[in-house]
Amino acid sequence: MNADLEILAALAASVEQGNAPKTKALVQQSLAKPIGPWEIVNQGIMPALRIIGEQLKDGTISLPEVMISVGAVKAALSILGPLLVQKSASGRGVVVIGTVAGDVHSLGKDLVAMMLEGSGFKVIDLGVDVDSSRFVEAAITHKARIVALSGLLTTSRMSMRETIQAFDSAGLRGKTSILVGGGAVDRQTAAALAADAYGEDASVASDIALGLVKQE
Amino acid sequence: MFKLKNGLYLDMSVQPIADFYADAIVIPTTTDLDWESDLAAAVRKKAGRSTFERARARGPIERGEALASTGGGLLSTFLIYVAVLPPYHPSLPGKKEKGLLERVIVNSVLRCSELGIENLGMPNLGKYLGFSDRQSARIMLTTLCQDSVNEAGSPREVHLVLENDEELKVFGEVACACSV
């Protein structure tokens, strides 16, 4: 394994373990090699998040342990974030993002928001427990090209459906694409909800969002 | 309760930190996360040996750094270990290092902001570095008052969990000078 891959593997392990100080040190070492910030994210951070996502689905990891690992990701992104934004073209458009009504989980949403910012989108984060009218209002106010709905609970599907219907009623579907993601949905459910796109995890958020704006 | 100049809320009480409820509590340790002390023993008993073993497996950490772990059987959800002593340090007090004390406090708060937690319990960390109660209170509270410490808005509240009434008196006097 070459030196770059070794350090990225160590970084992934450090994120998985939730070791924030070691994660920051490995990010610094990676940048000094130099390894590009996006490569560090894609090969050093996202693999760990996929493992954690699987563990969460399997119930083999507790939520506090997930929070500690996400803390390590935030520690990494405190260094990488400004570099990711610098290296992206700006002005890709506005994304409004939020966790839907009745759900207060924000970890995945926060990661997606950071990834989208890094890709050059302006992100308006509405937070958690956001009802459909706030999504619609924000999309109109900010002229959003994409609205991203996040939810972990299965009951969040109903809130997502309600939000999508609100966009239909407001006549906004032609102007704004709706992306859904989180543990509440899968590809099949997203299609049933008539969402425009589905994101399996934060690692694909940028590609999907870029694909949606290119279609316009 | 005191409100510090940077908007952070500060409270203090005398009780065993192992029994204290907060989103996270801070405990001093060595760089290899393996310090035998009365405080560590009390916390380990409540948290459970496996909680400590899992944290130790992720070490060592640099002096001044802070590492978060789950709280196990503690009332607190998280434990934040701060490395104030070198490994295998057999006795207290450590060397008086103001910069180190400032760093452990800043790094503890940083871990809180990464975890997004609201309240933090912290012991008199300065005494493990040989500072008197008054010196420790001045350094700890001056550091907690800095604007950069409260930038992320997390934690909103720091609770100093002290060991005796003398510590409480001294920290209370110093806190009055730092608060609005």
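Reference entry: report on the structure contained in this document. (Residues numbered from 1 in each chain as written. Chains lettered and ligands numbered in written order. Predicted model: local features only at pLDDT ≥ 70, side-chain atom pairs only at ≥ 80, totals over all residues. Heavy atoms only, no water.)

Chain B puts 14 residues into the contact, and the matching count from chain A is 13 residues. A buried area of about 1,100 Å², summed over both sides, lies between chain B and chain A, and 64% of it is on carbon and sulfur atoms. In this assembly, chain B and chain A are joined by zero salt bridges. Secondary structure elements with two or more residues in the side of chain B that touches chain A: strand S4 (66–70) and helix H3 (98–115) of chain B. Sort the elements by how many residues they give to the side of chain B that touches chain A and S4 of chain B lands first, with five residues. Residues of the side of chain B that touches chain A, tallied by class, amount to six nonpolar, three polar and five charged. (Contact = heavy atoms within 4.5 Å. Buried area = accessible area lost by both parts, 1.4 Å probe. Salt bridge = Lys/Arg side-chain N within 4 Å of Asp/Glu carboxyl O. Helix = DSSP H or I, 4+ residues; strand = E, 2+ residues; numbered from the N terminus. Nonpolar A, V, L, I, M, F, W, Y, C, P; charged D, E, K, R; others polar.)

So, on to the sheet that holds strand S4 (residues 177–181) of chain A. Residues and elements named next belong to chain A. Taken in spatial order, the five strands of this open sheet run S2-S1-S3-S4-S5, and their pairing is parallel. Sheet topology places strand S2 (122–125) and strand S5 (197–199) at the edges, where each strand pairs with a single neighbour. Neighbour to neighbour, the strand axes of the sheet diverge by 25 degrees on average, direction disregarded. With five bridges joining them, strand S3 (residues 146–150) and S4 adopt parallel strand pairing. Paired with Leu-149 across the strands is Val-180, a residue of S4. Strand contacts of helix H6 (residues 132–142): strand S1 (94–99), S2 and S3, with the helix running at about 165 degrees to S1, the strand carrying the most contacts. (Pairing = 2+ DSSP bridges. Axes fitted to C-alpha atoms, helices over the stretch in contact; angles between N-to-C directions.)

It is worth spelling out the sheet that holds strand S5 (residues 78–85) of chain B at this point. Residues and elements named next belong to chain B. The sheet built from seven strands is open, its strands ordered S1-S2-S7-S6-S3-S5-S4 with mixed pairing. Every other strand in the sheet has two partners, leaving strand S1 (2–3) and S4 as the edge strands with one partner each. Where S1 and strand S2 (residues 9–14) come together, two bridges link them in antiparallel fashion. The partner of Phe-2 across the bridge, within S2, is Leu-10. Against the sheet, H3 engages strand S3 (24–30), S4, S5 and strand S6 (119–122), with an angle of about 160 degrees to S5. Packed on one face of the sheet, helix H5 (residues 165–178) meets S1, S2 and strand S7 (157–162) and runs near 160 degrees to S2.

Residues and elements named next belong to chain B. On inspection of all chains with the given rule, the structure shows two aromatic pairs over all chains. Here Trp-35 and Tyr-128 contribute two aromatic rings whose centre-to-centre distance is 5.5 Å and whose plane-to-plane angle is 90 degrees, an arrangement assigned as edge-to-face. Of this pair, Trp-35 sits in the loop between S3 and helix H1 (38–47) while Tyr-128 sits in the loop between S6 and helix H4 (133–144), and the two are 93 residues apart along the sequence. Per residue, the accessibility class of Trp-35 equals that of Tyr-128, and both read buried. A ring pair is formed by Phe-52 and Tyr-81, whose centres lie 5.7 Å apart and whose planes are at 85 degrees; its orientation type is edge-to-face. Of this pair, Phe-52 sits in helix H2 (residues 49–57) while Tyr-81 sits in strand S5, placing them 29 residues apart in sequence. Positioned over the ring face of Phe-52 is Arg-44, at 5.4 Å from the centre of the ring. (Phe/Tyr/Trp six-rings, centres within 6.5 Å; stacked < 30°, edge-to-face > 60°. Buried < 20%, exposed > 50% of the residue type's maximum accessible area, 1.4 Å probe, protein only. Lys NZ or Arg CZ within 6 Å of the ring centre and 35° of its normal.)

A separate point is the pattern of salt bridges. For the structure on display, the rule yields 17 salt bridges over all chains. With a shortest N-O distance of 3.2 Å, Arg-173 of chain A and Asp-196 of chain A are connected by a salt bridge. Of the two residues, Arg-173 of chain A sits in the loop between helix H7 (156–169) and S4 while Asp-196 of chain A sits in the loop between helix H8 (187–192) and S5, which places them 23 residues apart along the sequence. A relative accessible area of 22% means that Arg-173 of chain A is categorised as partly exposed. Here the residues in one salt-bridge network are Asp-34, Arg-49, Glu-53 and Arg-56 of chain B, joined through shared partners.

All names here are of chain B. Remark: H3 packs on H4, axes separated minimally by 9 Å, with the N-to-C direction vectors making an angle of 45 degrees. Viewed along their axes, H3 and H4 adopt a mutual orientation that is oblique. The chirality of how H3 crosses H4 is right-handed. Where H3 abuts H4, its residues Lys-98, Leu-101, Glu-102, Ile-105, Val-106 and Val-109 lie against Ser-136, Ile-139, Met-140, Thr-143 and Leu-144. Along the lines of polarity and charge, the residues of the contact of H3 with H4 split into seven nonpolar, two polar and two charged. (Parallel < 35°, antiparallel > 145°, perpendicular 65-115°, else oblique. Left-handed = near helix turned anticlockwise from the far one by under 90°.)

In short, geometric facts, not functional conclusions.
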